[in-house]
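# Architecture and fold: a report
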Number of protein chains: 4
Amino acid sequence: MAERVAVLGAAGYAGAVASALLHRHPHFELACVTARSDAGVRLDEVHPRTRVPLRLEEYDPDRHAEVDAAVVAYPHGASAPVVEELCARGVRVVDLSADFRLRDRATYEDWYGAHAAPSLVGSAVYGLPELHREEIAGAHLVANPGCYPTAAILALAPLARAGLLGDVVIDAKSGVSGAGREPTHSKHFVSVDETVTPYKVGRHRHTPEIEQELGGGVRVTFTPHLVPIAHGELVSCYVTPRTVAEGERDEGASRPAGEGDLDVRALYEAYDDEPWVEVVEGPPGMLEVRETNFCRISVHADERTGRIIVFATIDNLWKGTSSQAVQNLNLMFGRDESEGL
Amino acid sequence: MAERVAVLGAAGYAGAVASALLHRHPHFELACVTARSDAGVRLDEVHPRTRVPLRLEEYDPDRHAEVDAAVVAYPHGASAPVVEELCARGVRVVDLSADFRLRDRATYEDWYGAHAAPSLVGSAVYGLPELHREEIAGAHLVANPGCYPTAAILALAPLARAGLLGDVVIDAKSGVSGAGREPTHSKHFVSVDETVTPYKVGRHRHTPEIEQELGGGVRVTFTPHLVPIAHGELVSCYVTPRTVAEGERDEGASRPAGEGDLDVRALYEAYDDEPWVEVVEGPPGMLEVRETNFCRISVHADERTGRIIVFATIDNLWKGTSSQAVQNLNLMFGRDESEGL
Amino acid sequence: MAERVAVLGAAGYAGAVASALLHRHPHFELACVTARSDAGVRLDEVHPRTRVPLRLEEYDPDRHAEVDAAVVAYPHGASAPVVEELCARGVRVVDLSADFRLRDRATYEDWYGAHAAPSLVGSAVYGLPELHREEIAGAHLVANPGCYPTAAILALAPLARAGLLGDVVIDAKSGVSGAGREPTHSKHFVSVDETVTPYKVGRHRHTPEIEQELGGGVRVTFTPHLVPIAHGELVSCYVTPRTVAEGERDEGASRPAGEGDLDVRALYEAYDDEPWVEVVEGPPGMLEVRETNFCRISVHADERTGRIIVFATIDNLWKGTSSQAVQNLNLMFGRDESEGL
Amino acid sequence: MAERVAVLGAAGYAGAVASALLHRHPHFELACVTARSDAGVRLDEVHPRTRVPLRLEEYDPDRHAEVDAAVVAYPHGASAPVVEELCARGVRVVDLSADFRLRDRATYEDWYGAHAAPSLVGSAVYGLPELHREEIAGAHLVANPGCYPTAAILALAPLARAGLLGDVVIDAKSGVSGAGREPTHSKHFVSVDETVTPYKVGRHRHTPEIEQELGGGVRVTFTPHLVPIAHGELVSCYVTPRTVAEGERDEGASRPAGEGDLDVRALYEAYDDEPWVEVVEGPPGMLEVRETNFCRISVHADERTGRIIVFATIDNLWKGTSSQAVQNLNLMFGRDESEGL
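Residues numbered from 1 in each chain as written. Chains lettered and ligands numbered in written order. Predicted model: local features only at pLDDT ≥ 70, side-chain atom pairs only at ≥ 80, totals over all residues. Heavy atoms only, no water.

### What about the overall build of chain A?
On a plain count of helices and strands, chain A comes out with 12 helices and 14 strands. The C-alpha atoms of chain A give 20 Å as radius of gyration, which agrees with the globular expectation for 341 residues (20 Å, within 12%). Principal-axis analysis of the C-alpha atoms places the extent of chain A at approximately 65 × 45 × 40 Å. Across the 341 residues that make up chain A, the buried fraction comes to 65%. A fraction of 68% describes how many contacts in chain A between residues 6 or more apart in sequence connect residues 24 or more apart. Total accessible area on chain A is roughly 11,600 Å²; 48% of this is exposed by carbon and sulfur atoms. Chain A carries 32 positive and 51 negative side-chain charges, and their two centres are separated by 4 Å. (Helix = DSSP H or I, 4+ residues; strand = E, 2+ residues; numbered from the N terminus. Rg over C-alpha atoms; globule rule 2.2 N^0.38 Å. Buried < 20%, exposed > 50% of the residue type's maximum accessible area, 1.4 Å probe, protein only. Contact = heavy atoms within 4.5 Å. Areas by Shrake-Rupley, 256 points an atom, 1.4 Å probe, with all protein chains shown as cover. Lys, Arg positive; Asp, Glu negative; His and termini not counted. Charge placed at Lys NZ, Arg CZ, Asp CG, Glu CD.)

### Thoughts on the interface of chain B and chain A
Taken residue by residue, the interface counts 45 residues in chain B and 45 residues in chain A. Approximately 3,700 Å² of surface area, both sides summed, lies buried where chain B meets chain A, with 57% of it carried by carbon and sulfur atoms. Taken together, chain B and chain A are joined by 8 salt bridges. Note that Glu194 of chain B is salt-bridged to Arg290 of chain A, the shortest N-O span being 2.6 Å. At the junction of chain B with chain A, the criterion picks out 30 residue pairs in polar contact (both at pLDDT 80 or more). Mapped by element, the contributors of at least two residues to the side of chain B that touches chain A are strand S8 (165-174), strand S9 (197-198), helix H9 (207-214), strand S10 (220-226), strand S11 (233-241), strand S13 (295-302) and strand S14 (307-314) of chain B. Take the side of chain B that touches chain A: its biggest share by element is 5 residues, from S8 of chain B. Looking at the side of chain B that touches chain A, its residues break down into 20 nonpolar, 13 polar and 12 charged. (Buried area = accessible area lost by both parts, 1.4 Å probe. Salt bridge = Lys/Arg side-chain N within 4 Å of Asp/Glu carboxyl O. Polar contact = N/O pair within 3.5 Å; in protein donor to acceptor, adjacent residues only side chain to side chain. Nonpolar A, V, L, I, M, F, W, Y, C, P; charged D, E, K, R; others polar.)

### A short note on unusual backbone geometry
We note that Lys200 of chain A has phi near 45°; this positive angle belongs to a residue other than glycine. As for its position among the elements, Lys200 of chain A is in the loop between strand S9 (197-198) and helix H9 (207-214). For Glu194 of chain D, which is not glycine, the phi dihedral falls at a positive 60°. Within the element layout of this structure, Glu194 of chain D appears in the loop between helix H8 (189-192) and strand S9 (197-198).

### Considering the relation of the copies chain A and chain D
Superposing chain A onto chain D requires a rotation of 180° together with a translation of 0.0 Å along the rotation axis, leaving an RMSD of 0.0 Å. The transformation relating the two chain copies, once decomposed into turn and shift, fits a two-fold axis. Scanning chain A for the C-alpha nearest the rotation axis identifies Phe189 of chain A, at a separation of 2.1 Å. When the interface residues of chain A are mapped onto chain D, 100% of them again fall at the interface, so both copies present the same face. (Least-squares fit on C-alpha atoms with pLDDT ≥ 70 in both.)

### Things to note about the sheet that holds strand S2 (residues 29-34) of chain D
Residue and element names in this part refer to chain D. Pairing is parallel in the open sheet, where 7 strands are placed in the order S3-S2-S1-S4-S5-S7-S6. Every other strand in the sheet has two partners, leaving strand S3 (56-57) and strand S6 (125-126) as the edge strands with one partner each. Here strand S5 (residues 92-95) pairs with strand S7 (residues 141-143) via 3 bridges, running parallel. Considered in S7, the bridge of Val93 is made with Leu141. (Pairing = 2+ DSSP bridges.)

### Re the pattern of salt bridges
The full count for this structure, using the stated rule, is 84 salt bridges over all chains. Asp167 of chain B is paired through a salt bridge with Arg307 of chain A; the nearest N and O atoms lie 2.2 Å apart. With one member in each of two chains, Asp167 of chain B in strand S8 and Arg307 of chain A in strand S14 (residues 307-314) form a pair that bridges those chains. There is no split in this pair, since Asp167 of chain B and Arg307 of chain A are both buried. Close ionic contact of Arg51 of chain D with Glu278 of chain B constitutes a salt bridge, the shortest N to O distance being 2.7 Å.

### Thoughts on the sheet that holds strand S1 (residues 4-8) of chain B
All names here are of chain B. Reading across the sheet, the 7 strands line up as S3-S2-S1-S4-S5-S7-S6 and stay open at both edges, with parallel pairing between neighbours. Two strands lie at the open edges of the sheet, namely strand S3 (56-57) and strand S6 (125-126), each paired on one side alone. Both strand S4 (residues 69-72) and strand S5 (residues 92-95) contribute to a ladder of 4 bridges, which runs parallel. Residue Ala70 lies in a different strand from S5, and its bridge partner there is Val93. Sitting on the sheet, helix H12 (residues 318-332) touches S1, S4, S5 and strand S7 (141-143), and the angle it makes with S5 is about 155°. (Axes fitted to C-alpha atoms, helices over the stretch in contact; angles between N-to-C directions.)

### A few points about the interface of chain A and chain D
Put simply, an interface is often sized by how much accessible area is lost when its parts join up. Counting residues at the interface gives 18 residues for chain A and 18 residues for chain D. Interface area for chain A against chain D, summed over the two sides, is near 1,600 Å², with a carbon-plus-sulfur share of 70%. Considering only the surface of chain A that becomes buried against chain D, His188, Phe189 and Val190 of chain A emerge as the three largest contributors, covering 40% of it. Applying the counting criterion to the chain A and chain D interface returns 6 residue pairs in polar contact (both at pLDDT 80 or more).

### Some remarks on the packing of helix H7 (residues 147-161) of chain C against helix H9 (residues 207-214) of chain C
All names here are of chain C. Remark: H7 packs on H9, axes separated minimally by 9 Å, with the N-to-C direction vectors making an angle of 30°. Looking at the two axes, H7 sits roughly parallel to H9. For the pair H7 and H9, the crossing hand works out as right-handed. Residues Pro149, Ala152, Ile153, Leu156, Ala157 and Ala160 of H7 pack against Glu209, Ile210, Glu213 and Leu214 of H9. (Parallel < 35°, antiparallel > 145°, perpendicular 65-115°, else oblique. Left-handed = near helix turned anticlockwise from the far one by under 90°.)

### Here's the deal with the side chain of Asp193 of chain D
Tracing the backbone through its elements, the reader meets Asp193 of chain D in the loop between H8 and S9. Summary of buried charges: Asp193 of chain D has no salt-bridge partner, and the nearest side chain of opposite charge, Arg290 of chain A, is 5.0 Å away. Separated by 3.4 Å, the side chain of Asp193 of chain D and the backbone nitrogen of Ala230 of chain A make a polar contact. Aside from chain neighbours lying at most four places away, what touches Asp193 of chain D is Phe189, Ile229 and Ala230 of chain A, Glu194 of chain B, Leu287 of chain C together with Pro228 of chain D.

### Some remarks on the packing of aromatic side chains
Throughout the structure, instances matching the rule amount to 22 aromatic pairs over all chains. For the ring pair Tyr268 of chain A and Tyr271 of chain A, a centre distance of 6.3 Å and an interplane angle of 50° mean the geometry is tilted. The two residues Tyr268 of chain A and Tyr271 of chain A agree in class, both being buried. The ring of Phe294 of chain B carries Arg51 of chain D above its face, with NZ or CZ at 3.8 Å from the centroid. (Phe/Tyr/Trp six-rings, centres within 6.5 Å; stacked < 30°, edge-to-face > 60°. Lys NZ or Arg CZ within 6 Å of the ring centre and 35° of its normal.)

### Some points on the state of the cysteines
All names here are of chain C. Taken as a whole and assessed by the stated rule, the structure comprises 0 disulfides over all chains. Between Cys237, a free cysteine, and Cys295, which holds the nearest cysteine sulfur, the sulfur-to-sulfur gap is 9.8 Å. Using a relative accessible area of 0% as the deciding quantity, one classes Cys237 as buried. (Disulfide = S-S within 2.5 Å.)

### A few points about the relation of the copies chain B and chain A
Of the two same-sequence chains, chain B is brought onto chain A (RMSD 0.0 Å, axial shift 0.0 Å) by a rotation of 180°. The overlap is high: 100% of the interface residues of chain B also sit at the interface in chain A, so the same surface is used on both sides.

### What about the pairing of S13 of chain B?
Residues and elements named next belong to chain B. With 7 of 8 residues buried, S13 is to be regarded as a mostly interior element. Where strand S12 (residues 277-279) and S13 come together, 3 bridges link them in parallel fashion. Looking at the pairing, Val279 lines up with Ile297 of S13. Here S13 folds back onto S14, and the loop between the two strands holds 4 residues, one of which, Gly306, carries a positive phi near 75°.

So far we have only geometry, and geometry alone does not tell us how the molecule works.
Below, the structure is given as structure tokens:
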């Protein structure tokens with residue numbers, strides 16, 4: 001029998017994609033969709049592409065928490081209390097916000113301020129199936145990763161596991177949907193068209209999440225850029241391998257490159273059996289992953305400088321958010337991880 | 001009296017912009033425009049926006065070298081022999097190709113292959129007025145910088161002078177006009193739209209030029225990306241300061257940031273009197289420099305990691321190529337550097 | 001048992017989409033993909049988004065005609081002889097070219113020149129399921145409509161049936177993929193970005209096809225425009241109703257508008273049961289139909305002038321070409337028309 | 001001596017362009033810039049591309065009306081009372097709003113509601129220099145045309161003068177800046193990118209202005225479309241010539257086309273001496289007019305249907321608004337019409 005799933009905050013971009021995926025999912029049943037601002041309107045009127053004919057309702061726990069699972073697409077801070085309530089009622093939750101991604105409360109509060117449901121901090125599983133598949137399967141609360149962390153962690157995890165992450169610079173390029181649906185000057189077509197804009201330089205809140213999952217105490221410089229694209233995300237990761245960073249920097253250029261090259265690429269064979277990760281030779285374009293759950297990765301050795309360069313692309317609203325949420329739901333309910341994707 | 005200037009290779013994007021600027025220049029006279037493929041056609045038919053009614057002619061040194069100066073907009077390799085011939089006839093040349101930018105012939109041949117006019121190597125002035133204004137004034141042959149080097153060198157020169165360039169990663173984003181006018185699959189609208197594509201990873205030929213001008217033996221990792229934009233270029237430069245790179249890396253994060261912050265920004269006051277460099281607080285957008293000779297720079301200190309992040313934007317066809325060529329011509333002929341710009 | 005289907009000309013945009021749809025179709029089996037220029041390469045290397053791992057082969061009738069059906073994605077003129085050969089071997093064909101769309105040979109030759117397989121002219125069914133569902137079901141040769149005609153005919157058929165088509169102006173806007181994959185100056189990103197370009201004014205070859213299917217001797221003025229979009233198509237159709245056109249023009253403005261309004265919209269209820277036509281109130285956006293088989297239509301009465309304005313959008317490569325081809329194949333083989341779409 | 005000019009409403013797109021043009025104008029002096037929402041901020045901070053270092057001030061007639069002229073860039077309705085006040089103080093005004101464009105008050109009120117300064121209705125000159133150059137020269141109040149009317153009227157005026165305007169359909173495509181700077185859902189990048197959206201179908205307020213200036217009682221169907229472009233506008237005008245419309249429609253197709261063709265093009269020689277109108281053979285692209293005061297026109301005869309098709313492009317913020325305002329100011333103060341453009 002189909003598990004019934006609610007999508008809370010379905011009028012935003014992420015909630016709409018999650019709703020569309022669940023609506024046409026072969027097993028889950030999209031039970032209800034909620035939204036504050038557009039309550040009363042049908043979701044397919046706000047987001048026709050979803051073709052979900054359900055009416056958006058204002059969230060009411062007594063009516064909308066009578067489900068098996070919920071995808072919560074609220075802004076960080078707003079999410080925690082609702083998630084707490086849902087968990088208390090036994091609803092299994094995939095939370096798209098940042099509220100439960102950081103296991104360390106102090107780190108959370110450094111970047112986000114006071115936490116609204118501190119007792120739950122540390123109780124969620126970080127919902128990146130390629131890293132935490134087993135824990136997700138049994139989880140009641142999954143903290144869905146941010147879009148940038150999804151791409152960056154998948155790009156760098158094989159190097160992290162090999163202890164190679166010395167110095168890391170991540171230069172990310174993201175389509176505008178990643179900034180949400182609320183109209184602002186910075187998302188006005190005329191502000192975005194024909195330009196590239198770095199933002200939140202040195203202080204983007206996805207940074208601690210990336211550092212937590214890569215582990216090893218690595219500090220990353222993470223700089224996102226807005227590009228004139230609707231959906232899609234590319235992270236360009238520049239890694240100075242630890243052995244080089246630690247005192248051998250100057251000889252980096254003369255290191256036998258072929259060897260290093262070979263080793264590095266072999267690390268990515270770890271993804272050979274992953275259904276949603278593609279390691280490719282050429283540049284990993286955004287169109288190749290658009291509206292899919294794929295993450296596409298390519299690895300390069302810069303022999304002159306000894307650096308490793310890794311690129312990864314995802315659709316920020318799919319693998320970066322909502323199709324990954326469905327991948328997590330599949331795992332949580334013992335289904336094939338790829339169903340409905 | 002007006003100096004007469006020829007533009008060779010005027011049917012390409014760079015040659016067309018140079019022609020348009022010289023055609024409406026208050027002092028120079030655009031004497032002739034040449035092109036192989038479109039010979040016989042008027043330039044304003046090939047590039048209406050130039051509004052230059054001159055007919056493109058096939059280059060003939062006996063007719064087109066009877067000028068005071070020439071802008072040569074040929075591909076690298078093709079440029080050297082023509083430049084040699086023009087110089088021999090006493091024509092002053094701004095060469096837009098890479099043929100005379102590198103002072104070290106071995107470095108040139110590492111990146112480009114055999115040089116077609118080796119006797120001239122090292123005799124050109126590198127045409128970045130903000131660094132070499134005085135030499136340009138007396139020069140007979142100016143090697144106009146590449147578009148990426150223009151932005152990257154202006155972004156990093158104040159740090160280089162201060163001896164701060166430890167480790168450097170340059171992640172560049174460029175509009176498609178930078179790749180030239182020849183139709184190819186990679187410049188087809190459908191290939192470029194809604195995606196970002198890294199290219200020539202670890203082997204873009206602008207790399208040695210950047211390293212030469214920054215000096216100090218610095219090795220940069222330079223990665224250009226194609227973005228769905230016609231004109232414009234952003235370089236995002238990530239610098240690990242030398243003092244930090246040399247043994248103090250781990251303490252980087254705890255370095256007093258305010259102090260470092262102050263020092264770094266002060267270095268950019270070197271540009272205070274530069275007419276075409278704007279140091280700004282916010283992100284340096286491409287629209288702000290489009291079809292201008294401006295380079296726009298912003299500097300950030302990433303206090304967590306101790307890195308300095310510098311962004312710079314230019315219009316790749318203007319300050320990155322053709323308006324800079326006119327700036328150089330102005331200097332070469334003793335005019336105000338900003339005339340006609 | 002699965003029918004085996006070949007896609008000929010699979011390296012172009014349309015052939016690639018057809019291949020992808022057939023590859024993941026629940027019933028058809030994609031037997032082989034052919035292409036001249038990219039023979040030997042895997043389709044998913046040329047078009048990664050298809051994720052079709054088959055190798056492109058040069059077409060050889062003795063090997064590739066051993067199938068139940070073929071989708072032929074050749075240019076007009078090149079298609080006819082191959083289609084003739086396939087038909088002779090008993091292969092059922094959906095031809096994406098224009099070669100068999102016009103039932104009148106003289107009209108074909110007026111617009112396209114001599115026909116390469118004149119004996120087959122008139123023997124194909126025009127593959128617009130919403131108009132010719134029954135004939136398609138039994139057809140051996142289906143001439144798949146052009147992309148503009150698909151949208152224009154669906155937009156205007158209800159008015160045509162009601163005898164209302166007096167004067168018709170169709171102003172179409174199309175994404176660049178409609179112009180094919182071959183790189184040209186006019187498809188260079190820099191030529192398309194930030195502009196709209198009318199082309200083939202008064203002489204686009206989709207015109208006679210539209211007139212044939214609307215019938216009644218109507219003459220349409222059809223003007224396509226290239227817009228800076230990869231996929232998608234909008235037709236804006238301006239109809240002066242026949243009764244008004246015939247002598248009552250001047251009173252047009254004073255005609256009771258409410259009445260006309262009501263009548264006109266009621267005509268579009270003819271689409272109520274069509275699975276792939278959506279008649280909507282608001283503007284029928286391209287994103288709503290992108291990578292779907294939907295055609296989305298909205299109808300407006302301009303009360304001041306008495307005109308009827310109809311908008312329709314499709315994805316030019318899907319309902320405009322390749323998903324419609326699959327819809328036709330489904331019908332030809334007695335399957336549910338929407339399978340695999 | 002330089003006349004002093006104020007720009008009221010300088011924080012919007014149109015006001016910013018007008019300010020930039022006046023700031024660098026060889027004769028006018030930009031005396032002050034006003035804005036409500038951004039008062040206190042420098043204009044070059046809100047719109048860096050203007051490079052106007054003046055601070056925006058809240059409008060105060062006692063301080064800002066001490067000028068020779070004003071450009072008023074207010075929304076319609078808000079403009080009239082301020083214009084009335086400025087006129088009363090002897091300030092010469094170019095009003096960018098619609099408030100004084102329609103000479104017939106009843107028509108104004110049909111489309112816009114009650115007029116806020118009815119005594120001035122009919123006293124303004126319609127500021128299209130190519131039609132009203134002489135009246136503009138002596139005018140105290142110039143109503144600057146809308147962007148669509150500028151392109152449409154210039155496209156059609158030669159046909160109107162020849163009495164050829166039977167039936168007229170105008171299908172317009174506009175960049176997003178035409179919709180103003182206020183952030184809304186419909187101007188969000190994600191709403192505009194990769195789609196074309198018709199809007200205000202049958203009820204765009206530029207319609208009566210077009211009809212007024214073309215005269216002869218013509219009724220036009222005017223439909224604007226939003227395209228994913230920042231600046232620029234194309235009108236595609238479909239004209240059924242009057243002689244054909246009046247009873248000869250059916251023979252239209254057999255009319256000697258060469259003859260008609262010749263005649264029609266000859267009508268556009270009326271623009272031969274116009275400095276800012278270019279009649280061209282090929283499609284009149286938007287890039288060719290971007291950030292210029294040019295209107296670019298091409299004329300086609302559709303011989304099959306007897307229709308005349310005229311395309312015109314302008315930059316909606318330049319010739320469509322602010323550079324045209326400067327052209328008008330030049331004329332009003334007896335200067336060369338092209339100064340500073």
